[in-house]
Amino acid sequence: MSKLTTAAKRMLLGRPFRSDSLGHTLLPKRIALPVFASDAMSSVAYAPEEIFLTLAVAGISAYMYAPWVGLAVVAVMMVVVASYRQNVHAYPSGGGDYEVATTNLGPTAGLTVGSALLVDYVLTVAVSISSAASNIGSAIPFVATHKVLFAVVAIALLTAVNLRGVRESGTAFAIPVYAFIFGMIGMLGWGLIQVYVLGETLHAESAGFGIEAEDEHLYGLAFAFLIARTFSSGCAALTGVEAISNGVPAFRKPKSRNAATTLLMLGVIAVVLLMGIIILAQKIGIVFAHDTSHLIGAPADYHQKTLIAQIAEAVFQGFPIGFFFILIVTALILVLAANTAFNGFPVLGSILAQDRYLPRQLHTRGDRLAFSNGILFLSGAAMAFVVVFGAEVTKLIQLYIVGVFVSFVLSQTGMLRHWTRLLRTETDPAHRARMKRSRVINGIGLTMTATVLVIVLITKFLAGAWIAIVTMVAIFIVMKSIRRHYDSVSRELDSQEWDGVLPSRSHSIVLVSKLHLPTRRALSYARATRPDTLEAVTVNVDEADTRALVREWERSDITVPLKVIESPYREITKPVLDYVKRVRKDAPRDVVTVFIPEYVVGHWWEQVLHNQSALRLKGRLLFEPGVMVTSVPWQLSSSTRARQPGDINAPGAVRRGYEDRSMRSGARDE
């Protein structure tokens, strides 16, 4: 079973990496861009769509505001990109927003950022994969009707790829990400040339439809609320920007400069694609609705394609290869966009675990130097959201971006304090000028992100954002509790000094069920420890068996006395515990060592058939003060199956006559 498990693990993950090979897994900019920026770039596949969907509430006439909403989103994006370029230079250790907030605003603010980002990473995976399912469903009806199944399988595949290591996942994702970038730029460029240069008229398949608006006569505050809600939906395009600041350690040196350059590239590409899609979609007359029943003039069996699919169909009319290429790379980028979270979440989880806010298992790297436990945790949480919300982007996106803007606001506030603190002691004029410029950039970033956060909370709270907020609060409380536990354990272990007093006497007890080889070995080992008192103990659960054991014991050459403990209710654990407690009560300064013979087996089902009483006893005895528990293994013949080739020190090797190969070779050398 062990060999089979190891072989399957090696086939899935590849050979393990040595710890000193970590430097070889670091990313150059050309690989870091698809690894960390795929989320922000891919959001152009659903952010413009959400803008048109939200404006559709007021009818087709409201589409005229789409470019202006897009420009507002672009303005926020460029300010956030500029702000985070200051972050990666100031804090290149990979803590990102969490480190900035903790260092400058205190642990509570840092933990708030941490909980917000953890939720946002999970939703990044859920939204991206669900959007991919919708895009693929535009061409493959089976996927459209089985979106949850598709999303779960896609998350599982991403998990497997990321478990193989950051560099390998980056290399695997680079081609489709760059194919998406160049494919989208080519499509938008050719479409805009046809419309504005060649004077051709392009029409989307939905251009002739109307919309049954929920309210065509929105004025004043109601219309302003609609625009604000549209803007908050479009701000989904900003998610993923913070991932680079959290992933700076994964870059090659100079880390901060390469991260800042990648961040700038991300911003420029995302802005071009976002505005290009909005302008071209409006120009070719796309009509989009939450429900096709609201589309006036649409056939009864009409299946609404995504925004990207309709643009590609109009631009590449008569050239189906172009259409399918855009559809495929869009679906791929949406699937791979989740990779941003698969790189950011485990790193953040590792930092939080190092600070004792999460279980320490999240801080350790796996065989491939990836944070495997964090990857698996993210995968499970994302699958849960996909299943609960049916892989519906419109439902999931209401929960989205709340967390990322909470982290934006606290991060920018922390950066303001950072620059203010440094300016108090900095005397060099050039450095002061640079710090003041950075403080202004972060100040503008704080103003804009705080405004967006307020808008998001007002417009999306009842629509589902409250779920994300409740989840953040729950994670915050859990992490506080974990830290409190670790601190309590640390205080308990550090507050008492070891007095160095040795036990007065050593009382050893060997548990016996039968007089066989495992029992004799346990007795020999117990005798070798030279205890002051040594006795064998058996529990009488069957009168005939116990009498036979006593007779056999008396006939044997064993000099250790055998004590029989009565058990009227045929229990084993409680009588042994009571006896050990009596021994401790009679001699409180003695240490009691209980030796338990155990079988070492080679099959999982053999473990079910053996050692159950021993496991229960150990579990209870470990809670008794002054009691030591020692397992004495006896290797059954099946245990050789679990022995790895070359395992010269495998359990039972000495008993079975296997010699240490290194010892044999050493003897020859001598």
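Fair warning: this is a prediction, and the values are worked out from it, not measured in the lab.

A. View of the overall build of the protein chain. The helix and strand tally for the protein chain stands at 24 helices and seven strands. Evaluated residue by residue, the protein chain yields a buried proportion of 50% over its 670 residues. For the protein chain, the proportion of contacts with a sequence separation of at least 24, taken over those separated by at least 6, is 80%. Put simply, the protein chain shows about 31,400 Å² of open surface, and 61% of that area lies on carbon and sulfur atoms.

B. Focus on the pairing of strand β5 (residues 562–566). Direction of pairing for strand β4 (residues 533–540) relative to β5: parallel, over a ladder of five bridges. The residue of β5 that forms the bridge with Asn540 is Glu566. In this view, the connection linking β4 to its parallel neighbour β5 by way of helix α20 (residues 543–555) has right-handed handedness.

C. The pattern of salt bridges, seen in detail. The full count for this structure, using the stated rule, is 12 salt bridges. In this structure, the salt-bridge partner of Lys305 is Glu205, at a minimum N-O distance of 3.1 Å. Remark: Glu205 occurs in the loop between α9 (166–197) and β1 (210–211) and Lys305 occurs in the loop between β2 (295–296) and α13 (307–315); sequence separation between them is 100 residues. Of the residues examined, Lys305 reaches a relative accessible area of 16% and is grouped as buried. Of the residues examined, Glu205 reaches a relative accessible area of 29% and is grouped as partly exposed. Measuring nitrogen to oxygen at the nearest pair gives 3.9 Å for the salt bridge that ties Lys305 to Glu313.

D. Local environment of the packing of helix α4 (residues 66–90) against helix α17 (residues 402–425). Interaxial distance between α4 and α17 falls to 11 Å at its minimum, and their mutual angle equals 55°. Considering the angle they form, α4 stands oblique to α17. Between α4 and α17 lies a crossing of left-handed hand. Note on element contacts: α17 touches α4 through Ser407, Phe408, Ser411, Gln412, Met415, His418 and Trp419, opposite Val80, Ser83, Tyr84, Gln86, Asn87 and Ala90. Looking at the contact of α4 with α17 residue by residue, the classes come out as six nonpolar, seven polar and no charged.

E. Expanded view of the packing of aromatic side chains. Following the criterion strictly, the structure yields nine aromatic pairs and no others. Residues Phe316 and Phe319 carry aromatic rings whose centres are separated by 6.2 Å and whose planes lie at 55° to one another, so their mutual orientation is tilted. Aromatic side chains Phe385 and Phe389 sit 6.2 Å apart centroid to centroid with 10° between the ring planes, which places their arrangement in the stacked category. The exposure class of Phe385 is buried, given its relative accessible area of 16%.

F. Layout of helix α15 (residues 372–388). Taking 1.5 Å per residue as the helical rise, α15 with its 17 residues ought to reach 24 Å, and the 25 Å between its terminal C-alpha atoms agrees with that figure. When we look at burial in α15, the residues that qualify are Ser372, Gly374, Ile375, Leu378, Ser379, Ala382, Phe385 and Val386. Take α15 and look down its axis: the buried residues cluster within an arc of 155°, on one side only. Set apart from the buried face of α15 by more than 90 degrees, the exposed residues are Phe377 and Val388. Within two residues after α15, Gly390 carries a phi angle of roughly 60°, on the positive side.

G. A look at the sheet that holds strand β7 (residues 627–635). The strand order across the open sheet formed by five strands is β5-β4-β3-β6-β7, and the pairing between neighbours is parallel. Since the sheet does not close on itself, it has two edges, and those belong to β5 and β7, each with one partner. Across this sheet, the average inter-strand angle for adjacent strands is 30°, counted without regard to direction. Along the sheet face, helix α23 (residues 612–621) touches β3 (506–511), β6 (591–600) and β7 and points at about 155° away from the line of β6.

H. Inspection of the environment of Ala101 at higher detail. Topologically, Ala101 is positioned in helix α5 (residues 96–105). Accessibility expressed as a relative area gives 0% for Ala101, which makes it buried. Considered as a pair, Ala101 and Gln412 are 311 residues apart in the sequence and their alpha carbons are 8.5 Å apart. When residues no more than four places from it in sequence are discounted, the contact partners of Ala101 are Gly106, Ala109, Gly110 and Val113.

I. Spotlight on α23. For α23, every residue scored as buried is listed here: Ala614, Leu617, Lys618 and Leu621. Down the axis of α23, the buried set is contained in an arc of 100°. They therefore lie on one face. In this fold, the buried residues of α23 make contact with β3, α21 (573–586), β6 and β7.

J. Spatial organisation of the packing of α13 against helix α14 (residues 320–354). In the contact formed by α13 and α14, the axes pass within 8 Å of each other and the chain directions differ by 160°. On the basis of the axis angle, α13 is roughly antiparallel to α14. With respect to the hand of their crossing, α13 and α14 are arranged in right-handed fashion. Taken together, the residues of α14 that come into contact with α13 (itself represented by Ile308, Ala309, Ala312 and Glu313) are Phe323, Ile326, Leu327 and Thr330. For the contact of α13 with α14, the class distribution of residues is six nonpolar, one polar and one charged.

K. Here's a closer look at the environment of Lys563. Locating Lys563 in the fold gives a position in strand β5. In this structure Lys563 comes out as partly exposed when scored by relative accessible area, which is 38%. Expressed as a C-alpha distance, the spacing of Lys563 and Val539, which sit 24 residues apart in the sequence, is 8.6 Å. If we ignore the near neighbours within four places in the chain, the residues touching Lys563 are Glu535, Ala536, Val537, Thr538 and Tyr579.

L. Quick peek at the confidence of the model for the protein chain. Taken as a whole, the protein chain shows an average pLDDT of 79; of its residues, 84% reach a score of 70 or greater. Below pLDDT 50 for its whole length, residues 654–670 participates in 19 contacts with residues either more than four positions away or in separate chains.

M. Just the side chain of Ser407, in detail. Assignment of secondary structure puts Ser407 in helix α17. With relative accessibility at 0%, the residue Ser407 sits in the buried group.

N. Local environment of the environment of Gly403. Its place among the elements puts Gly403 in helix α17. According to the relative accessible area criterion, Gly403 is buried, its value standing at 3%. Residues Gly403 and Thr239, spaced 164 residues apart in sequence, show a C-alpha to C-alpha distance of 9.6 Å. Those residues within four positions of Gly403 in sequence are excluded, and the remaining contacts are Ala116, Asp120 and Met472.

Definitions and limits used
Residues numbered from 1 in each chain as written. Predicted model: local features only at pLDDT ≥ 70, side-chain atom pairs only at ≥ 80, totals over all residues. Heavy atoms only, no water. Helix = DSSP H or I, 4+ residues; strand = E, 2+ residues; numbered from the N terminus. Buried < 20%, exposed > 50% of the residue type's maximum accessible area, 1.4 Å probe, protein only. Contact = heavy atoms within 4.5 Å. Areas by Shrake-Rupley, 256 points an atom, 1.4 Å probe, with all protein chains shown as cover. Pairing = 2+ DSSP bridges. Right-handed = clockwise from strand over helix to strand, strands pointing away. Salt bridge = Lys/Arg side-chain N within 4 Å of Asp/Glu carboxyl O. Axes fitted to C-alpha atoms, helices over the stretch in contact; angles between N-to-C directions. Parallel < 35°, antiparallel > 145°, perpendicular 65-115°, else oblique. Left-handed = near helix turned anticlockwise from the far one by under 90°. Nonpolar A, V, L, I, M, F, W, Y, C, P; charged D, E, K, R; others polar. Phe/Tyr/Trp six-rings, centres within 6.5 Å; stacked < 30°, edge-to-face > 60°. Expected span 1.5 Å × (residues − 1). Arc of directions from axis to C-beta. pLDDT = per-residue confidence, 0-100.

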